[in-house]
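# Coordinate inspection notes
If you want the building blocks of each chain, they are given just below.
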Amino acid sequence: MERRQVSQQSLDMVSNLSHGHSEIPARITTGGYLLGHPVGALGGFTLSEVFSAAVEADPDKEATTAGERYWRWRQWWRRSEALASRLQDRGVEPGHVVAAQLPSSWEFLTLHTAAASVGAALLPVRHAYGHGDVRALIDRVRPAVVVDTQTWQGLSAAGAGRRPDEVVVSPDAPFMLLPSSGTSAGRPMICMDSHDGLLSNAASVLAESSMTGKDVVTSASPLTDLFGLPSIHLSLFTRNRQAPLAEWDFPRFFELAEKAATTVLFAVSALSDILSGVASRPGFTLREVRASGSSVPTSLVTRTQQELGAQMIVQWGMSELGAGAFTRPDETAETMSSTVGTPVREAEARAMERELQFRSPSLFRGYWGEPETTDAAITDDGWLRTGDTVDIDPDGRTIYLGRSAELIDVGGRKFNAREIEDLLEHLGPVALVGRPDPRLGEYPCLVVERPGIDLMEVVRQLREAGFAEYKIPAELVTVGRIPLTPTGKISRHGVTALIGRTAAPDQPWTGGPRAGRPHGRGVSLPAGGARVRGRGTRQRGSARSGQHLRQPRDGLRHGREVAQHPVRGGRHAFARDTPVQLPDPDHIRQRQLTGIRWKL
């Protein structure tokens, strides 16, 4: 991938951002990209073309529903045009940024298409963010308009029946500014993504998907998140109906899914809740469930298949690249629980010293206002350094071991915090982080939100599960709220800073009770009424000491050996009875992709 020479305009933009010049809206153009065209061919898509093709195909077909009411494609188009005209009235021009803090809803869908049609880049902001979180993003990006629920009402009421001035948007034009979870820094980087990059990525996913125009899609992940957002783009390509869920609410999900006849679910952490409630709803089924993140427990995969009657897809991705890898429907539950599959079409993955590196045509175009960070994220031969720790098995599947920021080093023995967190998810939000130790470097500390959790009971559960002693938490800290990143993941930096308000022990940890901190004696944190409790004496030399939750499989290839043999995506194709209609910007060519015909 070509690194671009940073222009004076880009340097001025960085300077303005750092000095907080928020009175002038920022403008992002292709000239401000920090990375050139990624390696490989794209589809030549823009959101407006994909959207208009869906509308023209069947204007009176239902496009989206809230359960009680629905909107047809024709209605969506008219409302989008009216909103686009109001954005132009507000001074939004091509290259400006529109920030969206809306729930997953008809309103967000309409703003998404409207902003793209006037050439603006959309910055999705989680609806659950507090004022401080929003302010931090706004100050950095300087959008021309921030649209929340109140602003939306004013914009939509005044624009009915109007059409915007025509704007020519190229496939390479800025499309989205997506906060990245792929960094261990104290604040997220903001990825610049083009229309063609993200939409071609969605088309690549669709080429190996069973989704059709007959499906109804619900995302339990917010549409402002990296995982929820592609559900919109996939639905535009297939022209199926969307049933957005405003926020995760267990009863509301079942109510919406039953009224809308949901067939495909995008889920991150909600799947366990759904499975726990499906027994009281006989006959409730889904056709497909897509789970995001790292590998999913085998029991969850099996229950999804048996109790929901759904095929399971486990998908991994980043704001820097969209969907990166996923399992295929014909793979076993064991494969889905131990890997995140193989790369999407046209993409490549490799492991360098167990760090996952990725290359595809849909890679981002740099971090907004961060030329040095962008440069550091790309290798000399054009691969993205993801910061994820992986192994790659002999079949080319990626075994996700976590992020480097999730690794805790106890006396040279490293393990991933997710091993413990995943097992303790029944306790509510939890985070495991390393605390400084003068002898071992770090010891594991469990951070929870729910009051009354007993550390010794946690210890007992982990020992019974066979975890090595060095992985078992030595402390438990209760806080009011565990800090999250803009993408909803645990902010390791934020958690460490929060619990760092109380000093780590001066005495080295030897596995027993800490000096001056006997079990049962509370230590209060300065904020939030949190408390720290030390752990009692532990039995050392356990018969299962040193055992990992998931042992590496024989024959794994990692390090420089894998780097010489990158894994290419697109080796699996899903057989279809009917062609998927994708808009072709030239309106003349036909492409054949492993048995799937794309044509207009």
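### Some details on the overall build of the protein chain
- Across its full length, the protein chain carries 17 helices and 28 strands.
- Here the protein chain holds 600 residues, and the buried ones make up 56% of them.
- Taking the contacts inside the protein chain whose residues are at least 6 apart along the sequence as the reference set, 71% of them involve residues at least 24 apart.
- Total accessible area on the protein chain is roughly 24,400 Å²; 48% of this is exposed by carbon and sulfur atoms.

### Section: the side chain of Ser 235
- You can see Ser 235 is positioned in helix α8 (residues 229–238).
- Of the residues examined, Ser 235 reaches a relative accessible area of 0% and is grouped as buried.
- Side-chain polar atoms of Ser 235 contact the backbone oxygen of Ser 231, separated by 2.9 Å.

### Considering the nonpolar core
- Counting 108 residues, the largest nonpolar core has Leu 111, Leu 308 and Trp 316 as the members making the most contacts within it.
- Top contributing element to this core by residue count: helix α4 (residues 106–117), with 7 residues.
- If you look at the next biggest cluster of nonpolar residues, it comprises 22 residues, including Ile 408, Ala 417, Val 459 and Leu 476.

### A short note on the pairing of strand β8 (residues 216–219)
- Every second residue of β8 is oriented toward a common face, with Val 216 and Thr 218 on one face and Val 217 and Ser 219 on the other, all of them buried.
- Where β8 meets strand β9 (residues 241–242), 2 bridges bridge the pair, whose relative direction is parallel. Bridge assignment links Val 217 to a residue of β9, and that residue is Gln 242.
- Between the parallel elements β8 and β9, the chain passes through α8 in a crossover that is right-handed.
- In terms of strand pairing, β8 meets strand β10 (residues 264–267) through 3 bridges, oriented parallel. Across the sheet, Val 217 pairs through a bridge with Val 264, a residue of β10.

### Some details on the environment of Ser 231
- Here Ser 231 shows up in helix α8.
- Once you skip the residues sitting within four places of it in the chain, Ser 231 turns out to touch Val 217, Ser 219, Leu 223, Gln 242 and Phe 266.

### A word on unusual backbone geometry
- Although it is not a glycine, Arg 142 adopts a positive phi angle of roughly 55 degrees.
- Of note, Glu 346 is a non-glycine position whose phi angle comes to about 70 degrees, a positive value.
- Along the chain, the position of Glu 346 falls in the loop between β14 (342–343) and β15 (348–352).

### As for the pairing of strand β12 (residues 311–318)
- Counting buried residues in β12 gives 8 out of 8 residues, a clear majority hidden from the surface.
- What you see with β12 is no split at all: Gln 311, Ile 313, Gln 315 and Gly 317 on one side and Met 312, Val 314, Trp 316 and Met 318 on the other are buried throughout.
- In terms of strand pairing, strand β11 (residues 288–292) meets β12 through 5 bridges, oriented parallel. Within the sheet, the bridge partner assigned to Ser 292 lies in β12 and is Gln 315.
- Taken together, the 4 bridges between β12 and strand β13 (residues 322–326) define a ladder with antiparallel strand orientation. Across the sheet, the residue bridging to Gly 317 is Ala 323, located in β13.
- Here β12 hands over to β13 after 3 residues, the two strands then running antiparallel side by side.

### A look at the packing of aromatic side chains
- Throughout the structure, instances matching the rule amount to 15 aromatic pairs.
- Plain terms: the ring middles of Trp 248 and Phe 253 are 5.7 Å apart, the flat faces sit at 45 degrees to each other, and that makes the pair tilted.
- Judged by centre distance (4.9 Å) and plane angle (55 degrees), the ring pair of Phe 364 and Tyr 367 falls under tilted. Neither residue differs from the other here; Phe 364 and Tyr 367 are each classed as buried.
- Members of the aromatic cluster, each reached through a chain of ring pairs, are Trp 248, Phe 250, Phe 253, Phe 254 and Phe 284.
- For Arg 281, the ring lying beneath its charged end belongs to Phe 250, and the centroid distance is 5.8 Å.
- Positioned above the aromatic ring of Phe 326 is the side chain of Arg 290, whose terminal nitrogen or guanidinium carbon lies 5.6 Å from the ring centre.

Thresholds applied
Residues numbered from 1 in each chain as written. Predicted model: local features only at pLDDT ≥ 70, side-chain atom pairs only at ≥ 80, totals over all residues. Heavy atoms only, no water. Helix = DSSP H or I, 4+ residues; strand = E, 2+ residues; numbered from the N terminus. Buried < 20%, exposed > 50% of the residue type's maximum accessible area, 1.4 Å probe, protein only. Contact = heavy atoms within 4.5 Å. Areas by Shrake-Rupley, 256 points an atom, 1.4 Å probe, with all protein chains shown as cover. Polar contact = N/O pair within 3.5 Å; in protein donor to acceptor, adjacent residues only side chain to side chain. Core = buried A, V, L, I, M, F, W, Y, C linked by side-chain atoms within 4.5 Å. Pairing = 2+ DSSP bridges. Right-handed = clockwise from strand over helix to strand, strands pointing away. Phe/Tyr/Trp six-rings, centres within 6.5 Å; stacked < 30°, edge-to-face > 60°. Lys NZ or Arg CZ within 6 Å of the ring centre and 35° of its normal.

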